[in-house]
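# Reading the structure
These are the residues of each chain, in order.
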Amino acid sequence: SFIGEESVAAGEGSVLTDNPTWIIDPIDGTTNFVHRFPFVAVSIGFVVNKKIEFGIVYSCIEDKMYTARKGKGAFCNGQKLQVSGQEDITKSLLVTELGSNRDPEAIKIILSNMERLLSIPIHG
C-alpha cells in the first residue's frame, strides 16, 4: 500500500492497515518550499503491521541523507547518530512548529500545548 502526504492533505482518505505500506512525503516542508526557505526534505517510511520498519529523510538543500532502521540505529550520510548525554532539562532547547491549521479549535489546542511547553524550565 501507499500513503502520500500530499494526497492526504488534499482531502483523500487514508487508512493504515497491517499491510506493508510506504508512507511518502515528496516535499516535506511544503510551506518552506513555497517561500524558498531552505529546509525541505523528501521523507519516506515503510510500515508493516502498523509498525515502522525503516525511514529515510533526504535534506535536499543540505545534501544530507538520514536513515534509520528498527533495532539498527540512525545515521546521517552513513555516520551513526546518537542522542546527547545531557540529562539536565534546564540545558535543553525546545524547537517547535505551529502547523498551518488556523481553525479556531486547532489554535486553542496549539496554544494550550505551547503554554505547557513554555512552563518547562528549559534553556531556550
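None of the values given here were measured: they were computed from a predicted structure.

On to the UniProt feature "binding site: Mg(2+)" (unreviewed entry) in the protein chain. Summarizing the sequence annotation, UniProt attributes the feature "binding site: Mg(2+)" (unreviewed entry) to Glu5, Asp25, Ile27 and Asp28 in the numbering used throughout. Across 24 residues of sequence, these annotated residues stay compact in space, with a maximum C-alpha separation of 8.7 Å. Accessibility expressed as a relative area gives 11% for Asp25, which makes it buried. Overall, the relative accessible area of 33% leaves Asp28 in the partly exposed class. Setting aside anything within four residues of it in sequence, one finds Asp28 in contact with Phe39, Val40, Ala41 and Ser43.

A few words on the pattern of salt bridges. Summed over the entire model, instances satisfying the criterion amount to 2 salt bridges. Of the charged contacts, one joins Glu53 and Lys70 as a salt bridge, the two residues approaching to 3.9 Å between their closest N and O atoms. Residue Glu53 is located in strand 4 (residues 51–59), and its partner Lys70 is located in the loop between strand 5 (64–69) and strand 6 (73–76); the two are separated by 17 residues in the primary sequence. Note on Glu53: relative accessible area 27%, which makes it partly exposed. With a closest N to O distance of 4.0 Å, Lys108 and Glu105 form a salt bridge.

Before going further, it helps to spend a moment on the pairing of strand 6. Note that strand 5 and strand 6 share 4 bridges and pair antiparallel. Paired with Tyr66 across the two strands is Cys76, which belongs to strand 6. Following strand 5, the chain reverses through 3 residues before pairing antiparallel with strand 6; Gly71 in that reversal takes a positive phi of roughly 80°. Relative to strand 7 (residues 79–80), strand 6 is paired through 2 bridges, and the arrangement is antiparallel. Looking at the pairing, Phe75 lines up with Lys80 of strand 7. Between strand 6 and the antiparallel strand that follows it, strand 7, lie 2 residues; Asn77 among them carries a positive phi value of about 50°.

Positionally, Ser59 belongs in strand 4. Those residues in contact with Ser59, other than ones at most four positions away along the chain, are Val40, Ala41, Lys64 and Tyr66.

Okay, the packing of aromatic side chains next. Applying the stated criterion across every chain, the model contains 4 aromatic pairs. On the numbers, 4.7 Å between centres and 50° between planes, the contact of Trp22 with Phe46 is tilted. Pair noted here: Trp22 is in strand 2 (residues 21–28) and Phe46 is in strand 3 (residues 41–48), with a separation of 24 residues, a long-range link. Looking at Phe46, the relative accessible area reads 16%, which means it is buried. Joined through ring pairs, the aromatic side chains of Trp22, Phe46 and Phe54 make up one cluster.

The rules behind these values
- Residues numbered from 1 in each chain as written.
- Predicted model: local features only at pLDDT ≥ 70, side-chain atom pairs only at ≥ 80, totals over all residues.
- Heavy atoms only, no water.
- UniProt positions renumbered as here; feature names shortened; annotations may be inferred.
- Buried < 20%, exposed > 50% of the residue type's maximum accessible area, 1.4 Å probe, protein only.
- Contact = heavy atoms within 4.5 Å.
- Salt bridge = Lys/Arg side-chain N within 4 Å of Asp/Glu carboxyl O.
- Helix = DSSP H or I, 4+ residues; strand = E, 2+ residues; numbered from the N terminus.
- Pairing = 2+ DSSP bridges.
- Phe/Tyr/Trp six-rings, centres within 6.5 Å; stacked < 30°, edge-to-face > 60°.

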